[in-house]
Amino acid sequence: MADNKKIKNVRAWKYGTLSVVLTALVLAAVILCNALVTMVASRYPLAFTMDLTEEGLYTISDECREFIDEYLNNDTADIKIYFCKERDQLDQDGEYVLMVRNLIERFEATYDSITVEYVDIFRDPAFARKYTTESGVSLYTSSIIVENEVTGQFRQLAPAAFFSTAQSTGELYGFRGEVTLTNAIIRVSGEAAPAVTFTSNHGEAVDASLASMLYDAGFEIKEVDLSTQEIPENTKMLVVCDPQKDFAGYFEEDGITPSEQTNEIQKVADYLLKKNHLVVMVDPDTPDLPNLRELLGEWGLDYQVGTRLYDFTNSIGTDGLSLVSQYYSDNNDESDEYESSAAYAIHKPLSTMSNPPKTIVRDCVPLKLDYSVASDVDITLCTSDTALAFNSTDGEVSDEDADQALGHGVYPLMAVSSQSEYIGEAGAQALQHTAVVLIGSTQIASDSFVGTGSYGNKEIFYQLARLMGSQNVPNGLEFKKFATQALDITAGEARAWTIVVSAIVPLAVGAVGFYVWRKRRHA
């Protein structure tokens, strides 16, 4: 008996020892594996990461690759991207900074011509001085520098530039990492960027979303006071946005004759003669501006002063002012001449989609076109045939006031007048365009419509930018939304669904209930 008990104790000790040894070996293997993975992950950060986000926040999209490949897969691309602090210090800066870091490291892993480095600017002040001296801009620990070692050009970015922010609330609602990084790489590629120049000193009000959108489209952003300055030489698009005072020019102003004042209109006319482009944005509150309207009239364009458009069927919201514009199509043009026009080119990428997104034009003034003055004047956007025109001073209007409207039907909202000319010697000629664009809304580029990604407004301006000289337009490259968007329907659709939900569905349920009651009663 004693021997058997002794044998059992020996076996228990042996198995217990074996269990302890195996446990120790497993723990050692886990610790070693963890250390190895940590070491590899620190050296190759993306080796063990997968993008599981629904929006693909950390994945380089096919559209981005298609657009940027030509800039990175050549001999003029040696891109260095610097963070101004050590990599592990970025872990303390929050999830949004980590999103930026992860995307940039994804670019580095994808393209051999991109290298990412982390520099503590407090420990290396000489590094910081190099960029602050050349740019005159302060450098912060949060700054990100994109530099092309071949061209010597660099661009400083802030983490906020990688996100879309609602101007009204300050809330981040989208990640625009691809757009921001792609444009930074393009801008250091050595190509001279054309400029968009906004006029000033006439009461203009420029929406920050418009300037930001054109900047993303590859333009430099400038401003000019035509009464004292000349239009910058590299300006390809001159923008007059929401003017409240007239431009000096054709007619006497404040008792000063045209010969005694700086002729701003003549500066614009001379600028257009150099194959450049003009965009004018007006609304129902834009006053009568005789000089500006005279210039537009020479291109067959004008706006109906003091008129405001409403549409209580094809609009979003309830006030009838946010019109769902229609992509114009000339069904009577048997020669397909319209489809070769600049006006059609602007909306073609949208209108040819199987399910085109809506382009919203808010607070509109109807345009007038004079085909007898300019033969190449065409409509890009127009209203539906349910639009109503009222005096802009009528105050609040509802659909019950339709019988008091000045008119109803289809009205132009955006029109393009263009001139084309072949330049150069025979056999080596190139076709160049000059375009004047009139838009009957100053809110078409507001953050509400270009910031959500739900509407076609941004694509309209991207195509406009391409028409006017910027080839660096990443069409189709959008920010990635953090959350799903609200249901987007017109006022007419909303009324229809209200009827369905409040009347048809209850009637259907009642009918089924009555049928069941009848069956049970006669059972």
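To start, this report covers the structure provided alongside it. Predicted, not measured: the structure shown is a model, and the values here were computed from it.

**Examining the packing of helix H7 (residues 208–216) against helix H12 (residues 457–467)**
In contact at an axis separation of 10 Å, H7 and H12 are set at 55 degrees when each is read in the N-to-C sense. In terms of orientation, H7 and H12 fall into the oblique class. In the packing of H7 onto H12, the handedness of the crossing is right-handed. Listed contacts from H12 to Leu210, Met213 and Asp216 of H7 are Lys458, Phe461 and Tyr462. A breakdown of the residues in the contact of H7 with H12 according to their chemical character gives four nonpolar, no polar and two charged.

**Some remarks on H7**
Among all positions in H7, only Ser209, Leu210, Ala211, Met213, Leu214 and Asp216 are buried. The N-cap of H7, judged by a side-chain oxygen 2.8 Å from the amide nitrogen of Ser209 a few residues on, is Asp207. Looking one or two residues past H7, Gly218 carries a phi angle of roughly 105 degrees, positive in sign.

**What about the pattern of salt bridges?**
Tallied over the full model, the rule gives 14 salt bridges. In this structure, Arg293 and Asp302 form a salt bridge, with 2.8 Å as the shortest nitrogen-oxygen distance. With a closest N to O distance of 2.7 Å, Arg308 and Asp363 form a salt bridge. Pair noted here: Arg308 is in strand S12 (residues 307–310) and Asp363 is in the loop between strand S16 (360–362) and strand S17 (367–369), with a separation of 55 residues, a long-range link. Connected via shared salt-bridge partners are Asp288, Arg293, Asp302 and Lys368.

**Observations regarding the sheet that holds strand S13 (residues 315–316)**
One open sheet accounts for three strands, arranged S13-S14-S16; its pairing is antiparallel. Every interior strand has two partners, whereas the edge strands, S13 and S16, have only one.

**Looking at the side chain of Ser392**
Within the secondary structure layout, Ser392 lies in the loop between strand S19 (387–391) and strand S20 (407–409). Excluding its chain neighbours within four sequence positions, the residues that come into contact with Ser392 are Pro284, Gly306, Thr307 and Arg308.

**Considering the nonpolar core**
If you look at the biggest cluster of nonpolar residues, it comprises 43 residues, and the most contacted ones within it are Val279 and Phe461. Among residues more than four places away in sequence, those in contact with Val279 are Met237, Leu238, Val239, Val240, Val437, Ile439, Leu464 and Met468. In this structure, Val224, Leu226, Ile231 and Ile379 belong to the second largest nonpolar core, which totals 30 residues.

**Let's talk about the environment of Lys267**
Looking at where Lys267 falls in the secondary structure, it is placed in helix H8 (residues 264–273). Residue contacts for Lys267: discarding those within four places in its chain leaves Leu226, Gln229, Glu230, Ile231 and Thr262. In terms of polar contacts, Lys267 uses its side chain to reach the backbone carbonyl oxygen of Leu226, at 2.7 Å. In terms of polar contacts, Lys267 uses its side chain to reach the backbone carbonyl oxygen of Gln229, at 2.9 Å.

**Some details on the packing of aromatic side chains**
Under the defined criterion, the tally for this structure stands at 13 aromatic pairs. Both rings, one in Tyr96 and one in Phe163, keep their centres 5.2 Å apart while their planes meet at 75 degrees; by these two values the pair is edge-to-face. With Tyr96 in helix H4 (residues 95–110) and Phe163 in strand S5 (residues 163–165), the pair connects residues that are 67 residues apart, well separated along the chain. Residues Tyr328 and Tyr338 carry aromatic rings whose centres are separated by 5.4 Å and whose planes lie at 80 degrees to one another, so their mutual orientation is edge-to-face. Here Tyr338 lies in the loop between strand S15 (326–327) and helix H10 (342–351) and Tyr328 lies in the loop between S15 and H10, a separation of 10 residues in the sequence. Residue Tyr338 is classed as buried on the basis of its relative accessible area, which comes to 5%. Its end group placed over the ring of Tyr303, Arg293 keeps NZ or CZ at 5.4 Å from the ring centre.

**Some details on helix H6 (residues 177–187)**
Since the α-helix advances by 3.6 residues per turn, residues separated by three or four positions end up pointing in the same direction. With 11 of 11 residues buried, H6 is to be regarded as a mostly interior element. Those residues of H6 lying buried are Gly177, Glu178, Val179, Thr180, Leu181, Thr182, Asn183, Ala184, Ile185, Ile186 and Arg187.

Analysis parameters
Residues numbered from 1 in each chain as written. Predicted model: local features only at pLDDT ≥ 70, side-chain atom pairs only at ≥ 80, totals over all residues. Heavy atoms only, no water. Axes fitted to C-alpha atoms, helices over the stretch in contact; angles between N-to-C directions. Helix = DSSP H or I, 4+ residues; strand = E, 2+ residues; numbered from the N terminus. Parallel < 35°, antiparallel > 145°, perpendicular 65-115°, else oblique. Left-handed = near helix turned anticlockwise from the far one by under 90°. Contact = heavy atoms within 4.5 Å. Nonpolar A, V, L, I, M, F, W, Y, C, P; charged D, E, K, R; others polar. Buried < 20%, exposed > 50% of the residue type's maximum accessible area, 1.4 Å probe, protein only. Polar contact = N/O pair within 3.5 Å; in protein donor to acceptor, adjacent residues only side chain to side chain. Salt bridge = Lys/Arg side-chain N within 4 Å of Asp/Glu carboxyl O. Pairing = 2+ DSSP bridges. Core = buried A, V, L, I, M, F, W, Y, C linked by side-chain atoms within 4.5 Å. Phe/Tyr/Trp six-rings, centres within 6.5 Å; stacked < 30°, edge-to-face > 60°. Lys NZ or Arg CZ within 6 Å of the ring centre and 35° of its normal.

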